[in-house]
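Structural overview for review
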Amino acid sequence: MIELEQEDPIPQGDLALQITALPRETNGFGDIFGGWLVAQMDLAGTAMASKVAGGRVATVAIDRMAFLVPVAVGAQLSFYTQALEIGRSSIQMMVEVWSDDPLSSEWRKVTEAVFVFVAIDGSGRTRSVPRRAC
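Nothing here was measured: the structure is a model prediction, and the numbers come from that model.

Attention shifts here to the pairing of strand S3 (residues 76–86). As paired elements, strand S1 (residues 14–20) and S3 share six bridges and run antiparallel to each other. Paired with Leu17 across the bridge in S3 is Phe79. Two elements, S3 and strand S4 (residues 90–100), share ten bridges in a ladder whose sense is antiparallel. Residue pairing in the sheet places Thr81 in a bridge with Val95 of S4.

Set out below in structure tokens:
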């Protein structure tokens with residue numbers, strides 16, 4: 001996994017999703033709920049993994065995840081994805097979340113995780129990921 005703490009971190013991969021954190025997504029302390037954030041990460045990862053797989057994919061695992069900073073209501077969240085490994089039927093996709101806090105104008109990394117997706121056919125059975133021409 002990529003090191004969470006970097007000297008001068010910048011997003012890795014391609015921008016897959018941007019969304020504003022709204023009040024309805026808060027926990028009891030007024031911060032954005034972590035489960036909602038994971039769901040958005042899954043959406044971003046699925047979008048990119050399905051492009052790589054040339055069709056439908058299913059999430060089968062999420063590797064280690066740590067929330068580095070809380071997310072405030074109104075923060076503009078950016079989700080970056082990067083394919084780390086493409087197997088016969090699986091895709092390991094790094095998903096990073098970055099926040100542009102509206103109050104402080106601070107750009108900071110919120111979290112990252114490796115999502116594992118499996119290519120599936122219309123019946124929900126595992127299928128091969130098409131090989132890309134070099």
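Once that is clear, we can look at the UniProt feature "domain: HotDog ACOT-type" (unreviewed entry) in the protein chain. Within this numbering scheme, the UniProt entry marks residues 11–123 as carrying the feature "domain: HotDog ACOT-type" (unreviewed entry). The span residues 11–123 carries 18% helix and 42% strand; its end-to-end C-alpha distance comes to 36 Å.

Let us look at the nonpolar core. In terms of nonpolar packing, the biggest core is built from 25 residues, with Leu37, Val71 and Leu77 touching the most fellow members. Elements supplying a minimum of two residues to this core: helix H1 (34–53), S3, S4 and strand S5 (107–119). Ranked by the residues each element gives to this core, the list is headed by H1, at eight residues. Excluding residues that lie within four positions of it along the chain, Leu77 makes contacts with Leu17, Gln18, Ile19, Ala21, Trp36, Leu37, Val71, Val97, Trp98, Ser99 and Val110.

Sheet strands pair via backbone hydrogen bonds, and the direction of the pair is either parallel or antiparallel. Pairing is antiparallel across the open sheet formed by five strands, whose spatial order is S1-S3-S4-S5-S2. Each having just a single partner strand, S1 and strand S2 (57–62) make up the two edges of the open sheet. The sheet shows a mean angle of 35° between the axes of neighbouring strands, direction not considered. The pairing of S2 with S5 spans five bridges and is antiparallel. Residue pairing across strands places Ala61 opposite Val116, the latter belonging to S5.

Reading guide: rules and limits
- Residues numbered from 1 in each chain as written.
- Predicted model: local features only at pLDDT ≥ 70, side-chain atom pairs only at ≥ 80, totals over all residues.
- Heavy atoms only, no water.
- Pairing = 2+ DSSP bridges.
- Helix = DSSP H or I, 4+ residues; strand = E, 2+ residues; numbered from the N terminus.
- UniProt positions renumbered as here; feature names shortened; annotations may be inferred.
- Core = buried A, V, L, I, M, F, W, Y, C linked by side-chain atoms within 4.5 Å.
- Buried < 20%, exposed > 50% of the residue type's maximum accessible area, 1.4 Å probe, protein only.
- Contact = heavy atoms within 4.5 Å.
- Axes fitted to C-alpha atoms, helices over the stretch in contact; angles between N-to-C directions.

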